[in-house]
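Each chain, written out:
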Amino acid sequence: MRVSKLVSKTLREVPADADNISHRLMVRAGLIHQLVAGVYSYLPLGWRSLRKIENIIRNEMDKAGGQEINMPVLHPAELWGDRMSDIRFTLFDRRERKLTLGPTHEEVVTSLAARYVRSYRDLPLNLYQIQVKFRDEPRPRGGLIRAREFSMKDAYTFDVDEAGLDVAYDKVFQAYQNIFTRCGLDVMVVEADSGAIGGKDSREFILTTPAGEDEVIFCPACDYAANAEKASSVKEKIDGGKPLPLETVATPGMKSIEEVAGFLKVPPSRTLKAVFYIADGTFVFGVIRGDLTVNETKLRNQLHCADLRLATEEEVIAAGIVPGSASAVGLKGIRVIADDSVSSGVNFVAGGNKPDTHLKNVNYPRDFKVDIVADIARAVAGEKCIKCGGKLSSTRGIEVAHIFKLGTIYSTKLGANFLDEKGESHPIVMGCYGLGPSRLLAAAVEQHNDDKGIIWPVSIAPYHVYLCPLPREGSKVTEVAEKLYQDLQAAGIEVLFDDRAESPGVKFNDADLIGLPFRITVSPRTLEKDAVELKKRTEKDPQIVPLSEIISKLKALI
RNA sequence: CGGGGUGUAGCGCAGCUGGUUUAGCGCGCAGCGUUUGGGACGCUGAGGUCGGAGGUUCAAAUCCUCUCACCCCGACCA
């Protein structure tokens, strides 16, 4: 391709709308163009990279036994009910029938399986598609990282039993590892919460970058890694001696854990904190050790609620609770959930349920009752690993894939059953595997760049080589470069040929911005030696390569 | 949904506080010439519903009201 004919132009100035690195670079290099919030056109360079990513995915999914299909974007709204209603785009056809643009395809694929799978002989089955998805995100951001229209590879496996699902899951897991390796991307596998889709053994593939939306807690000493939504850590026992009798103490004006702990000269870990939530409209009283914080995802899962938010001060007071001095001691008629850290020590300080009053020597379960005891604490870096006791670290990243075992949630709901050898009917056991090519594209740029521009991994670069002639009047640079352009293409090397009459600085800067893995410069200077200059985008210094060797040299590198 | 911000040429911005007839600047774009190893220079030129609607006024990019879009923080989110 000739740069002079390329529809997109590079931008010198950073577009005002672009916030993060990948978004800025993708717009500046002319990979994408925004139409409305969270919706983008792919320009030739961006589209080529996206297709390369998709083809790697296709290839690995096929190797894992997948069959590619293509399901509709337009779905009847009845298929969805209330599920994901908050982020679905809905529309009406001419008969006023309500339709929805598919945000994911569990229902559609399951109804497909219900029609075509009859017998255990039809299983196992792995169906996948690479399809556009629509989600009306509360806040699209970061260019392609969180878009409202985006590409997704979603795969679904169908098996006769859990053991079959385990095999299918492992195959896709391996395929994903291969995909990220082939794309040249550093991706971390972490335990995750399965969220709105449901299911178990949920794993996310997180591409690590400071710009990521997700926080990962991991152990450098072993293989433990989990999304912060899911991560657990050791809650160390706090030695408080033998249980002592309850004691009331005056704590004038002391409300926060810091104030109370400081006033009574105990560490925050010797206190119990009360937190108040509204779960699906119902008031919930939470208890957790004073030095810990509630993880709302874990809390939501324990309460099995759809909607969870902090209670307002008015709601707390209306529930008969004294903010700043609340505890579960003597509490009646309110649902109480406690973090298991309430058992990690004795003689805690807790609220006295009267203004300016706290209790000392509070012990669970001696002094208060709870409805649920579970791990609802947020794990943070520095705490101990639950697997090996090592010191946990944290990092940020972008979720580029998510896989989980659905089981029979959808097959039961949609009547996708099969007959076993004995003629008995069972729901199909399903797995579900998402991977976002468009997000991956942005994430790749986010991870591979410098202050000059993008640094593409070879496998997903829009072209392999940036051919950059620097002609001078009376030289043969142009004709040598034209011939090299033809020869490189004939050798199967993908070339972007900068045939513009621009100054060297402009060409070099555009080459760096677009970030192809190799740059070949042809100039009077190199032609004196019957050579060209080869520069890797990852390296600072170029090398001189004889014209006769450049093609074989490049072929070896690509 | 809460908080904040921005809409003026393809891109980046100034002008708005304190209303004035031809709305500027840089980049980019077109033409000509000079340049050519890290974002060159000169000259000429094209390009604008000042986001939209309504209002105040002799007069509105500028003041007022409404509205739309986009961005950021938060909430939320496979």
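Here we summarise the structure given alongside this text. Note that this is a predicted model, so its numbers are computed, not measured.

### Overview of unusual backbone geometry
Inference 1: The amide bond that connects Leu123 to the next residue, Pro124, takes the cis arrangement and shows omega of 0°.
Inference 2: Within the fold, Pro124 resides in the loop between α3 (106–116) and β7 (125–134).
Inference 3: Geometrically, the link from Tyr364 to Pro365 is a cis peptide bond, its omega value of 5° lying close to zero.
Inference 4: Counting through the fold element by element, Pro365 comes out in the loop between β19 (357–362) and β20 (372–374).
Inference 5: Here Asp356, not a glycine, exhibits a phi torsion of approximately 55°, which is positive.
Inference 6: Tracing the backbone through its elements, the reader meets Asp356 in the loop between β18 (348–351) and β19.
Inference 7: The phi dihedral of Asp530 falls on the positive side, at around 60°, and the residue is not glycine.
Inference 8: Mapped onto the secondary structure, Asp530 falls in the loop between α12 (524–527) and β30 (531–536).

### Section: the side chain of Asn363
Inference 1: Here Asn363 lies in the loop between β19 and β20.
Inference 2: Note on Asn363: relative accessible area 5%, which makes it buried.
Inference 3: In contact with Asn363, other than residues within four places in its own chain, are Pro243, Leu244, Val346, Asn347 and Phe368.

### Focus: the packing of helix α10 (residues 477–490) against helix α13 (residues 547–557)
Two quantities define a packed helix pair, namely the angle between the axes and the distance from one axis to the other.
Inference 1: The geometry of α10 relative to α13 is characterised by a closest axis approach of 11 Å and an angle of 30° between their N-to-C directions. Considering the angle they form, α10 stands roughly parallel to α13. For α10 against α13, the interelement crossing comes out right-handed. Contact residues: α10 offers Val480, Leu484, Asp487 and Leu488, while α13 offers Leu547, Ile550, Ile551 and Leu554.

### Notes on helix α5 (residues 257–264)
Inference 1: Listed as buried for α5 are Ile257, Val260, Ala261 and Leu264. End-on view of α5: buried residues confined to an arc of 95°, all on one side of the axis.
Inference 2: Those residues of α5 hidden inside the fold are in contact with β13 (247–250), β14 (272–279), β18 and β19.
Inference 3: Just downstream of α5 lies Lys265, where phi reads positive at about 55°.

### Some thoughts on the state of the cysteines
Inference 1: Within this structure, the stated rule accounts for zero disulfides.
Inference 2: Counting only cysteine sulfurs, Cys388 is the nearest neighbor of Cys222, a cysteine outside any disulfide, at a range of 3.7 Å.
Inference 3: Residue class for Cys222 comes out partly exposed when judged on its relative accessible area of 24%.

### Concerning the protein's contact with RNA strand B
Inference 1: Around RNA strand B, a shell composed of 45 residues is seen, among which Arg135, Arg139, Met152, Asp512 and Ser523 lie nearest.
Inference 2: His402 has a polar side-chain atom sitting 2.8 Å from a sugar or linking oxygen of RNA strand B.
Inference 3: Asp512 is positioned such that a nitrogen or oxygen atom in its side chain is 2.4 Å from a base nitrogen of RNA strand B.
Inference 4: Counting residues per element, the ones that place at least two in the surface near RNA strand B are β1 (32–36), α6 (296–303), β21 (393–407), α11 (504–514), β29 (518–522) and α12.
Inference 5: When residues of the surface near RNA strand B are assigned to their parent elements, the largest contribution, seven residues, is made by α11.
Inference 6: Each residue belonging to the surface near RNA strand B can be placed in one class, and the counts come to 15 nonpolar, eight polar and 22 charged.

Rules and cut-offs
Residues numbered from 1 in each chain as written. Chains lettered and ligands numbered in written order. Predicted model: local features only at pLDDT ≥ 70, side-chain atom pairs only at ≥ 80, totals over all residues. Heavy atoms only, no water. Helix = DSSP H or I, 4+ residues; strand = E, 2+ residues; numbered from the N terminus. Buried < 20%, exposed > 50% of the residue type's maximum accessible area, 1.4 Å probe, protein only. Contact = heavy atoms within 4.5 Å. Axes fitted to C-alpha atoms, helices over the stretch in contact; angles between N-to-C directions. Parallel < 35°, antiparallel > 145°, perpendicular 65-115°, else oblique. Left-handed = near helix turned anticlockwise from the far one by under 90°. Arc of directions from axis to C-beta. Disulfide = S-S within 2.5 Å. Near = heavy atom within 4 Å. Polar contact = N/O pair within 3.5 Å; in protein donor to acceptor, adjacent residues only side chain to side chain. Nonpolar A, V, L, I, M, F, W, Y, C, P; charged D, E, K, R; others polar.

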